[in-house]
Amino acid sequence: MGNLRYLQKAIYPGSFDPVTLGHIDIIKRAKEIFPELIVAVAHNPQKKPLFSVSERVRMLKKATALIKGVKVTDFSGLVVDYARRQKVNVLIRGLRMISDFEYEFQMALTNRKIAGSIETIFLMPNESYSYISSKLLKEVGFMGGDLSCFVPPYVEKAMKIKLHEDKCRPGIC
Ligand code: ADP
């Protein structure tokens, strides 16, 4: 605790399936605090993601191309192990609503138990993004809804293509 190492670098881990304006808001806020930020896309096959890890990384790289000091990468396994390998002591997570709190609280305390030297810092997005979730956007997109207020244009385009492919799988179309 109280270690200045905390202030140099942080990791923002998540599924980012896909990146939304809410995630981008958190990335910008974290960058105000930390000179270096690693945005780390989790390999999490049990979540059945819409986009592959490399597609998610590519979209995040595009979204953060103009933000200096941001590196986008992927990781497998426990985030605390990844953080240790990167010699990073801080994890960033976003808190949108009270509904996020219980899960995030459990995860932060579990991570602290496993790796006591790693702290989790929670940041809140601008309130206009506080209801955006990748999961809900996928449902809206699947029904043909307009996603332009929630994601960058290239993400919306990629979602439309991907969701159309999903709809047109044999047996569904
Ligand atoms: P995960 O599967 O790890 O929860 P997500 O991509 O859904 O991955 O979210 C990654 C992090 O970003 C989480 O801490 C989540 O609470 C946060 N987050 C997701 N959407 C938003 C948003 N609209 N505003 C702020 N934080 C968000």
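Computed from a prediction, not measured in an experiment: that's the story for all the values here. (Residues numbered from 1 in each chain as written. Predicted model: local features only at pLDDT ≥ 70, side-chain atom pairs only at ≥ 80, totals over all residues. Heavy atoms only, no water.)

(A) Focus on the site of the ligand. Around the ligand sit 17 residues, and of these Tyr12, Ser15, Phe16, Lys47 and Gly94 come closest. The separation between an oxygen atom of the ligand and a polar side-chain atom of lysine 47 is 2.5 Å. At 3.2 Å, a side-chain N or O of glutamate 104 approaches an oxygen atom of the ligand. Alone, the ligand offers 540 Å² of accessible surface; in the complex the protein occludes 91% of this. Mapped onto the shell around the ligand, the elements with two or more residues apiece are strand S1 (9-14), helix H1 (21-33), strand S4 (90-94) and helix H4 (98-114). Its residues assigned to classes, the shell around the ligand comprises seven nonpolar, five polar and five charged. (Near = heavy atom within 4 Å. Polar contact = N/O pair within 3.5 Å; in protein donor to acceptor, adjacent residues only side chain to side chain. Areas by Shrake-Rupley, 256 points an atom, 1.4 Å probe, with all protein chains shown as cover. Helix = DSSP H or I, 4+ residues; strand = E, 2+ residues; numbered from the N terminus. Nonpolar A, V, L, I, M, F, W, Y, C, P; charged D, E, K, R; others polar.)

(B) Region of interest: H4. Spanning 17 residues, H4 covers 25 Å between terminal C-alpha atoms, matching the ideal 24 Å at 1.5 Å per step. Considered for burial, the residues of H4 that qualify are Asp100, Glu104, Ala108 and Asn111. Looking at the packing, one finds that the buried side of H4 touches helix H3 (79-86), S4 and strand S5 (119-123). (Expected span 1.5 Å × (residues − 1). Buried < 20%, exposed > 50% of the residue type's maximum accessible area, 1.4 Å probe, protein only. Contact = heavy atoms within 4.5 Å.)

(C) Unusual backbone geometry, seen in detail. Cis geometry is found at the peptide bond from aspartate 17 to proline 18, where omega equals 0°. One can find proline 18 in the loop between S1 and H1. In this structure, lysine 48 is a non-glycine residue whose phi angle is positive, near 45°. With respect to the helices and strands, the residue lysine 48 is situated in the loop between strand S2 (36-42) and helix H2 (53-63). Given the relative accessible area of 73%, lysine 48 is considered exposed.

(D) View of the nonpolar core. Core analysis: the biggest nonpolar cluster contains 33 residues, and Tyr12, Ile27, Leu37, Val39, Leu60 and Ile92 have the highest contact counts within it. Breaking this core down by element, the ones donating at least two residues are S1, H1, S2, H2, strand S3 (70-75), S4 and helix H6 (153-167). With five residues, H2 is the largest single contributor of residues to this core. The contact partners of leucine 37, leaving out residues within four places of it in the chain, are Ala10, Ile11, Tyr12, Ile27, Ala30, Lys31, Gly69, Val70, Lys71 and Ile92. In this structure, Ile38, Ala40, Phe75 and Ala83 belong to the second largest nonpolar core, which totals 13 residues. (Core = buried A, V, L, I, M, F, W, Y, C linked by side-chain atoms within 4.5 Å.)

(E) Geometry of a nonpolar patch on the surface. A cluster of nonpolar side chains, namely Ile98, Phe101, Phe105 and Leu109, defines an oily patch on the protein surface of about 430 Å² accessible area. The residue isoleucine 98 is located in helix H4 in this model. We classify isoleucine 98 as exposed; its relative accessible area is 77%. (Patch = residues over 30% accessible without salt bridge, like charges linked within 9 Å, V, L, I, M, F, W, Y side chains within 5 Å. Salt bridge = Lys/Arg side-chain N within 4 Å of Asp/Glu carboxyl O.)

(F) Expanded view of the pattern of salt bridges. Taken as a whole and judged by the stated rule, the model has 11 salt bridges. Glutamate 36 serves as the salt-bridge partner of lysine 9, at 4.0 Å between the closest nitrogen and oxygen. Separated by 27 residues along the polypeptide, lysine 9 in strand S1 and glutamate 36 in strand S2 bring together distant segments of the chain. The exposure class assigned to lysine 9 is partly exposed, which follows from its relative accessible area of 24%. Residue aspartate 25 is joined to arginine 29 by a salt bridge in which the shortest nitrogen-to-oxygen separation is 2.6 Å. Of the two residues, aspartate 25 and arginine 29 both sit in helix H1, four residues apart, roughly one turn of that helix. Overall, the relative accessible area of 11% leaves aspartate 25 in the buried class. Through salt bridges with shared partners, one network takes in Asp17, Arg56 and Lys138.

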